[in-house]
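# Structural features, examined
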Amino acid sequence: PIAYEGAKVLSKKLRETCDMLADPVDEVQSINKKQARKNLGIPQDGRYVGVAGAINERKGCDILLAAFDMAKLKDNDRLLLAGKASDSIRELVKNKYQHHVEAGRLIFFDRYISNDELAWSLSAMDVVCPAGHGHIGLSNVALRALAANRLILGSTAGWTGRVVPAFGLGVVCDLSKPRDFAEGLEQSLDAAEWYKRTPAGNKLLEFHSQANHIAGWTKLIRERLGLPAPEIKTWDELVESVKQDAAARS
């Protein structure tokens, strides 16, 4: 949306010809935290924050580890890193955070995970933290977390800074400041106890559905072939709908 909304400001031609294509999100199997943790073979008590997929600096796993180490959390609050790690993250854990592994507070699956394990990992967490360094684009992990009905802790910059507050998806903070990030972890884990996906979040998922992605992708092809136009949920209509809902509540 940042690039799309910027393009519309640049020129009248772009404003008239640009569309924003939905990034398709797979449906996430409905499963509770206890069962997801059981499936993964990890402790079922306590609160979990983490990320799943590639475990590297680009995903912000180094600053997530530092924030978790600094945060004032409960003894059974845990950090879950699920996915193949880069060499530098592996060394960082070994040299600086091994004590959290030994205490059972850092759960580290340093291997490629299956689609089921990815879904279980997100469902096992109370808070999903896509903390990419300087990443301004869309976060597919965040959308998967939304589909799993999990609170998101993201950056005040980029896509998360734009979308997380607007759609009530969770908490944002300045990830470049370690203390702010640590306080964000504390705040988000407390907030996760009462978190439930908002109506705006449901609308965002509908926009990013497989069906809406296909409808947007084939729009011009259908027009040129003289085929009926499918119903398409547009980004502009979504944003306007959420604004109207917010105004009606205020």
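Shown above is the structure to which this text applies.
Please read these numbers as outputs of a predicted model, since none were measured by experiment.

## Some words on the side chain of His 213
Relative to the helices and strands, His 213 resides in helix α12 (residues 210-217). With near-sequence residues (within four places) excluded, His 213 lies in contact with Leu 21, Ala 22 and Pro 24.

## Quick notes on the side chain of Thr 160
Structurally, Thr 160 can be placed in helix α9 (residues 158-166). The class for Thr 160 is buried, based on a relative accessible area of 8%. For Thr 160, the side chain forms a polar contact with the main-chain oxygen of Ala 157, separated by 3.4 Å. Leaving out residues up to four positions away in the same chain, Thr 160 has contacts with Gly 154, Ser 155, Pro 165 and Val 172.

## What to know about the environment of Lys 96
Take Lys 96: it is sitting in helix α5 (residues 87-96). Taking relative accessible area as the criterion, Lys 96 reaches 51% and is therefore assigned exposed. Spatially, the C-alpha atoms of Lys 96 and Ala 66 are 9.4 Å apart, while their sequence positions differ by 30 residues.

## Quick notes on the packing of helix α8 (residues 140-147) against helix α11 (residues 199-207)
A pair of packed helices can be characterised by two numbers: the angle between their axes and the separation between those axes. At their nearest, the axes of α8 and α11 sit 10 Å apart, and the two run at 120° to each other. Compared by their axis directions, α8 and α11 come out oblique. For the element pair α8 and α11, the recorded crossing hand is left-handed. Between α8 and α11, the residues in contact are Leu 143, Leu 146 and Ala 147 and Gly 201, Leu 204 and Leu 205, respectively. Here the residues of the contact of α8 with α11 sort into 5 nonpolar, 1 polar and no charged.

## Quick word on the sheet that holds strand β5 (residues 151-155)
Taken in spatial order, the 6 strands of this open sheet run β3-β2-β1-β4-β5-β6, and their pairing is parallel. In this open sheet, the two strands that pair with only one neighbour each are β3 (106-109) and β6 (170-173). With 5 bridges connecting them, strand β1 (residues 48-52) and strand β2 (residues 78-82) associate as parallel partners. Opposite Gly 50, over in β2, you have Leu 80 as the bridge partner. Along the sheet, helix α7 (residues 115-124) contacts β1, β2 and β4 (127-128); its crossing angle with β1, the most-contacted strand, is approximately 155°. Running over the sheet, α8 touches β1, β4 and β5 and is turned about 160° from β5.

Thresholds, definitions, all that
- Residues numbered from 1 in each chain as written.
- Predicted model: local features only at pLDDT ≥ 70, side-chain atom pairs only at ≥ 80, totals over all residues.
- Heavy atoms only, no water.
- Helix = DSSP H or I, 4+ residues; strand = E, 2+ residues; numbered from the N terminus.
- Contact = heavy atoms within 4.5 Å.
- Buried < 20%, exposed > 50% of the residue type's maximum accessible area, 1.4 Å probe, protein only.
- Polar contact = N/O pair within 3.5 Å; in protein donor to acceptor, adjacent residues only side chain to side chain.
- Axes fitted to C-alpha atoms, helices over the stretch in contact; angles between N-to-C directions.
- Parallel < 35°, antiparallel > 145°, perpendicular 65-115°, else oblique.
- Left-handed = near helix turned anticlockwise from the far one by under 90°.
- Nonpolar A, V, L, I, M, F, W, Y, C, P; charged D, E, K, R; others polar.
- Pairing = 2+ DSSP bridges.

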